[in-house]
Amino acid sequence: MITQVLPPTDENIERAAQQLTLGKLVGMPTETVYGLGANALDEAAVRSIFAAKGRPADNPLIIHVALPTALEPYCEVNARAYKLMEAFCPGPLTMLLPKKPSIPSVVTAGLPSVAVRLPSHPVAQKLLKACGVPVAAPSANTSGKPSPTTAAHVLNDMQGKLEIILDGGECQVGLESTVIDLTSTIPTVLRPGGITPEMLQSVLGEVQVSDSVMRPLRPGEKALSPGMRYRHYAPSGKLTMVKGEPSRVAAVIKRLANEKNSEGQSVRIFAFEEHLSAYQGMDVVSIGSLSNPETVAHKLFSVLRQADGDQVPILYSEILPAQGLGLAIMNRLGRAAAFTEIDADETEKEP
Ligand code: AMP
Ligand code: MG
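Here's a quick rundown of the structure. (Residues numbered from 1 in each chain as written. Chains lettered and ligands numbered in written order. Predicted model: local features only at pLDDT ≥ 70, side-chain atom pairs only at ≥ 80, totals over all residues. Heavy atoms only, no water.)

**Regarding the packing of helix H9 (residues 293–309) against helix H10 (residues 325–336)**
Turning to step 1, where the next piece is worked out: Where H9 meets H10, the axes come as close as 9 Å, and the angle between the chain directions of the two elements is 20 degrees. Considering the angle they form, H9 stands roughly parallel to H10. For the element pair H9 and H10, the recorded crossing hand is left-handed. Contact with H9, carried on its side by Pro293, Glu294, Val296, Ala297, Leu300, Phe301 and Leu304, involves Leu325, Ile329, Arg332, Leu333 and Ala336 of H10 and no other residues of that element. (Axes fitted to C-alpha atoms, helices over the stretch in contact; angles between N-to-C directions. Helix = DSSP H or I, 4+ residues; strand = E, 2+ residues; numbered from the N terminus. Parallel < 35°, antiparallel > 145°, perpendicular 65-115°, else oblique. Left-handed = near helix turned anticlockwise from the far one by under 90°. Contact = heavy atoms within 4.5 Å.)

**Quick look at the packing of helix H3 (residues 79–88) against helix H7 (residues 197–204)**
Any two packed helices are characterised by how steeply their axes cross, that is the angle between the axes, and by the distance between the axes.
Turning to step 1, where the next piece is worked out: Two elements in contact, H3 and H7, have axes separated by 10 Å at closest approach and are oriented at 120 degrees. In terms of axis orientation, H3 runs oblique to H7. Along this stretch, H3 crosses H7, giving a crossing that reads as right-handed. On H7, the residues that touch Arg80, Lys83, Leu84, Ala87 and Phe88 of H3 are Met199, Leu200, Val203 and Leu204.
Turning to step 2, where the next piece is worked out: Of the residues in the contact of H3 with H7, the class split is seven nonpolar, no polar and two charged. (Nonpolar A, V, L, I, M, F, W, Y, C, P; charged D, E, K, R; others polar.)

**Some remarks on the pairing of strand S3 (residues 35–39)**
Turning to step 1, where the next piece is worked out: Here S3 lies mainly inside the structure; five of its five residues are buried.
Turning to step 2, where the next piece is worked out: Relative to S3, strand S2 (residues 26–28) is paired through three bridges, and the arrangement is antiparallel. Its bridge partner being in S3, Gly27 is matched across the sheet by Leu36.
Turning to step 3, where the next piece is worked out: Connecting S2 to the next strand, S3, in antiparallel fashion are six residues.
Turning to step 4, where the next piece is worked out: Summarising the sheet, S3 and strand S7 (residues 135–136) pair through two bridges and their orientation is antiparallel. What sits directly across from Ala38, in S7, is Ala136. (Buried < 20%, exposed > 50% of the residue type's maximum accessible area, 1.4 Å probe, protein only. Pairing = 2+ DSSP bridges.)

**Some thoughts on the pattern of salt bridges**
Turning to step 1, where the next piece is worked out: Within this structure, the stated rule accounts for 10 salt bridges.
Turning to step 2, where the next piece is worked out: Here Arg47 and Glu43 are joined by a salt bridge, their closest N and O atoms 2.9 Å apart. Remark: Glu43 and Arg47 occur in helix H2 (residues 43–53); sequence separation between them is four residues, near one turn of the helix.
Turning to step 3, where the next piece is worked out: A residue is classified by how much of its surface remains accessible, and Glu43, at 40% relative accessible area, is partly exposed.
Turning to step 4, where the next piece is worked out: Arg248 serves as the salt-bridge partner of Asp345, at 2.9 Å between the closest nitrogen and oxygen. In this pair, Asp345 sits in helix H11 (residues 344–347) while Arg248 sits in helix H8 (residues 246–262), placing the two residues 97 residues apart along the sequence.
Turning to step 5, where the next piece is worked out: Using a relative accessible area of 27% as the deciding quantity, one classes Asp345 as partly exposed.
Turning to step 6, where the next piece is worked out: The class for Arg248 is partly exposed, based on a relative accessible area of 35%.
Turning to step 7, where the next piece is worked out: Connected through shared salt-bridge partners, Arg268, Asp283 and Asp310 make up one network. (Salt bridge = Lys/Arg side-chain N within 4 Å of Asp/Glu carboxyl O.)

**Quick notes on the sheet that holds strand S4 (residues 62–64)**
Turning to step 1, where the next piece is worked out: If you walk across this open sheet you meet the 11 strands as S1-S8-S2-S3-S7-S4-S6-S5-S9-S10-S11, and the pairing is mixed. On the outer flanks of this sheet lie strand S1 (4–6) and strand S11 (208–209), each paired with one strand and no other.
Turning to step 2, where the next piece is worked out: Here helix H1 (residues 10–21) sits on the sheet in contact with S1, S2, S3, S7 and strand S8 (164–166), set at roughly 130 degrees to S8.

**Points about the nonpolar core**
Turning to step 1, where the next piece is worked out: By size, the foremost hydrophobic cluster in this structure holds 46 residues, and its most contacted members are Ile63, Leu84, Met95, Ile180 and Leu200.
Turning to step 2, where the next piece is worked out: For this core, the element with the highest residue contribution is H2, accounting for five residues.
Turning to step 3, where the next piece is worked out: The contact partners of Met95, leaving out residues within four places of it in the chain, are Ala81, Leu84, Met85, Val114, Ala115, Val116, Ile180 and Leu182.
Turning to step 4, where the next piece is worked out: Judged by nonpolar contacts, the second largest core, of 25 residues, contains Tyr233, Ala297, Val303 and Leu315. (Core = buried A, V, L, I, M, F, W, Y, C linked by side-chain atoms within 4.5 Å.)

**Side note on the sheet that holds strand S16 (residues 341–343)**
Turning to step 1, where the next piece is worked out: A sheet is described by the order of its strands in space; here five strands give the open sequence S14-S13-S15-S12-S16, paired in parallel fashion. Looking at which strands have only one partner, the edges of the open sheet turn out to be strand S14 (284–286) and S16. Sheet twist, expressed as the mean angle between neighbouring strand axes with direction ignored, is 25 degrees.
Turning to step 2, where the next piece is worked out: Relative to S16, strand S12 (residues 238–243) is paired through three bridges, and the arrangement is parallel. Considered in S16, the bridge of Met241 is made with Glu341.

**Observations regarding the pairing of strand S5 (residues 93–98)**
Turning to step 1, where the next piece is worked out: Burial of S5 is extensive: five of the six residues sit out of reach of the surface.
Turning to step 2, where the next piece is worked out: As defined by bridge partners, S5 adjoins strand S9 (residues 178–181) across four bridges and the pair is classed as parallel. Looking across to S9, one finds that Leu96 is bridged to Asp181.
Turning to step 3, where the next piece is worked out: By the bridge criterion, five bridges tie S5 to strand S6 (residues 113–117) in an arrangement that is antiparallel.

Here is the structure:
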């Protein structure tokens, strides 16, 4: 099969919608990351998503619809969900709600809840309206790899596995949606994203953040959100995060990079725009501005994928505080680094 990346003209969106109704996969842009979509009501089509991604069958999918009114046939929409939708939807927010029987259990990996989202990207909105069915769509990457934020990233992972990728440009947010469980007594963030816990609290009052967000699962621990079990967002190179006071962080990273370089290994450094000059003469790339975390979220996966493309085996990254949007950024960076971290304030302490 030849995969085509197509501009999102009305005609091409109509073609993509036809593919969906025929049970085929489509690459679609959203404001978070690109999705690999299939008709959520077609069991065989949904199975082909898992096959194309190499995704474990016990990791459930998010279903996408254009409008709040389209949700009723598929889940029990409660008062909290309506409040959140009024505030943040369409947008980068996924809600877990009790599932209705119309959604095949393959979508939810047998769970009694279903994850639902209303994407705001105009191309996703048009596609969802054109096909008239809920679209199950995980991120359009090979399972475990950083999520795609451009059509070219999708092509790289999915070539030959689908006919159409709609090119909606670079994803604006750049990180996957916030996942909030609305079936628990206290609404619980299972995956941080563009809608921060603070924003959710401002609408719902009490909201908790699952403590597994900022650490790997313990052996034998049951994940609240099955996706948290797996190695995720990982580049092929070995990524280490370095925390601490910026000049100490730069000193540690430069020393380690020089050591590796002298052993003949190439190293890439991910640094904030504000600190780039500290790494002059080294292979350093900007991961956006420390004073504007939106720019970091927007670039992160692209920078990780670029390191893969350039086959860099060793990567060091600066980090930012895990607050606000920083929580989502550090959740992804942490997983990409398997939570490997050096504390520069410890390493550089005066003896
Ligand atoms: P992705 O489709 O790649 O954005 O991943 C979807 C995320 O939502 C994964 O972390 C899933 O484990 C999680 N998820 C989807 N449905 C459910 C559900 N019913 N219960 C808990 N987590 C879910
Ligand atoms: Mg994913």
